[in-house]
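Structural overview for review
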Amino acid sequence: MIDIFFNLSRRRMLQGMGALAATTLLPSGILPAFAETPANQTFQALSSLLTGRSQLPSDFSQALHAAFTKIDGQFPQKVARLSQWISDHSVPAAQIKSRLAADSSLSDLSGLPSLILTGWYLGVAGSGDQAICVAYYDALANREVSSVLNPPTYAFGAYGSWSAKPQ
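Rules and cut-offs
Residues numbered from 1 in each chain as written. Predicted model: local features only at pLDDT ≥ 70, side-chain atom pairs only at ≥ 80, totals over all residues. Heavy atoms only, no water. Helix = DSSP H or I, 4+ residues; strand = E, 2+ residues; numbered from the N terminus. Buried < 20%, exposed > 50% of the residue type's maximum accessible area, 1.4 Å probe, protein only. Contact = heavy atoms within 4.5 Å. Areas by Shrake-Rupley, 256 points an atom, 1.4 Å probe, with all protein chains shown as cover. Core = buried A, V, L, I, M, F, W, Y, C linked by side-chain atoms within 4.5 Å. Phe/Tyr/Trp six-rings, centres within 6.5 Å; stacked < 30°, edge-to-face > 60°. Patch = residues over 30% accessible without salt bridge, like charges linked within 9 Å, V, L, I, M, F, W, Y side chains within 5 Å. Salt bridge = Lys/Arg side-chain N within 4 Å of Asp/Glu carboxyl O. Expected span 1.5 Å × (residues − 1). pLDDT = per-residue confidence, 0-100.

1. Describing the overall build of the protein
A count of helical and extended segments in the protein gives 8 helices and 2 strands. When the helices and strands of the protein are placed in sequence order, the string is α-α-α-α-α-α-α-β-β-α. Out of the 167 residues belonging to the protein, those deemed buried represent 25%. Taking all contacts inside the protein whose residues are at least 6 apart in sequence as the whole, residues at least 24 apart take part in 55%. Element-wise, carbon and sulfur atoms account for 60% of the exposed surface of the protein, whose accessible area totals about 11900 Å².

2. Quick notes on the nonpolar core
Ranked by size, the top nonpolar core spans 24 residues in total, and within it F43, L82, I116 and W120 carry the most contacts. Broken down by secondary-structure element, the contributors of at least two residues to this core are α3 (38-51), α4 (58-71), α5 (75-89), α6 (96-102) and α7 (112-122). Residue contributions to this core peak at 5 residues, all from α5. Residues contacting F43, with those up to four places away along its chain left out, are S61, L64, H65, F68, F75, V79, I116 and W120.

3. Quick word on the environment of Y121
Relative to the elements of secondary structure, Y121 occurs in helix α7. On a C-alpha basis, the gap between Y121 and A139 in space is 5.2 Å, while along the polypeptide they are 18 residues apart. Setting aside anything within four residues of it in sequence, one finds Y121 in contact with T51, R53, A139, L140, A141 and E144.

4. A closer look at the packing of aromatic side chains
Tallied over the full model, the rule gives 5 aromatic pairs. An angle of 15° between the planes, with centres 6.4 Å apart, marks the rings of F43 and W120 as stacked. Remark: W120 occurs in helix α7 and F43 occurs in helix α3; sequence separation between them is 77 residues. Of the two residues, F43 and W120, both sit in the buried class.

5. Description of a nonpolar patch on the surface
Together, V145, V148 and L149 line one region of the surface with nonpolar side chains, adding up to about 280 Å² of accessible area. Following the sequence through the fold, V148 ends up in the segment after α8 (140-144).

6. Focus on unusual backbone geometry
For residues that are not glycine, phi is negative in most cases, and the peptide bond is trans in most cases. Look at S90: it is not a glycine, yet its phi comes out positive at around 50°. Within the secondary structure layout, S90 lies in the loop between α5 and α6. For S90, a relative accessible area of 60% gives the class exposed.

7. Some thoughts on α4
With 14 residues, α4 extends 20 Å from end C-alpha to end C-alpha; this agrees with the ideal 20 Å at 1.5 Å per step. Residues of α4 that are buried make contact with α3, α5, α7, β1 (124-125) and β2 (132-133).

8. Considerations on the confidence of the model for the protein
For the protein, mean pLDDT is 81; residues scoring 70 or higher make up 71% of the total. Note that residues 1-6 has pLDDT below 50 and, in this model, 0 contacts with residues that lie over four places away or in other chains.

9. A few points about the pattern of salt bridges
Following the criterion strictly, the structure yields 4 salt bridges and no others. A salt bridge links K78 to D72; the shortest N-O distance between them is 2.8 Å. You can call D72 partly exposed: its relative accessible area is 24%. For R143, the salt bridge is made with D138, and the minimal N-O distance between the two is 2.3 Å. Judged by relative accessible area, R143 falls into the partly exposed class, the value being 35%. Residue class for D138 comes out partly exposed when judged on its relative accessible area of 34%.

Structure follows, in structure tokens:
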């Protein structure tokens, strides 16, 4: 696999990069969209319940779901079990944490709501060495304050623009 990268000529690499860049000029809808699997739909529905938002970006949702699944191969099954339990017991979002803690048969799911919310609000799936950054600007914590604050980036403005007193 690594030999493939070393055997590529500069010309082939530039051609490939050019072709990839050209796809951004195509109208959206020509290229196939990501497959919306039942696992992604379940994750999206659970995320909507936990965040209290009816509309969440599907690309962010798919990336977050993929990152959690990469960290924990059982993540889709855990999400399905939690969603089924919430549905079966008609648990309101505000009571999920306390009712999960009280049900010893679901001890492996007790941290799942917090994990999912952390992913949505911070844009990071997992923690420590396994953490995967999925989003920064689009993380819900930054979206909440976007009318007043811009999340800091290295490309915020010209050099020294940060030193001017806000108006």
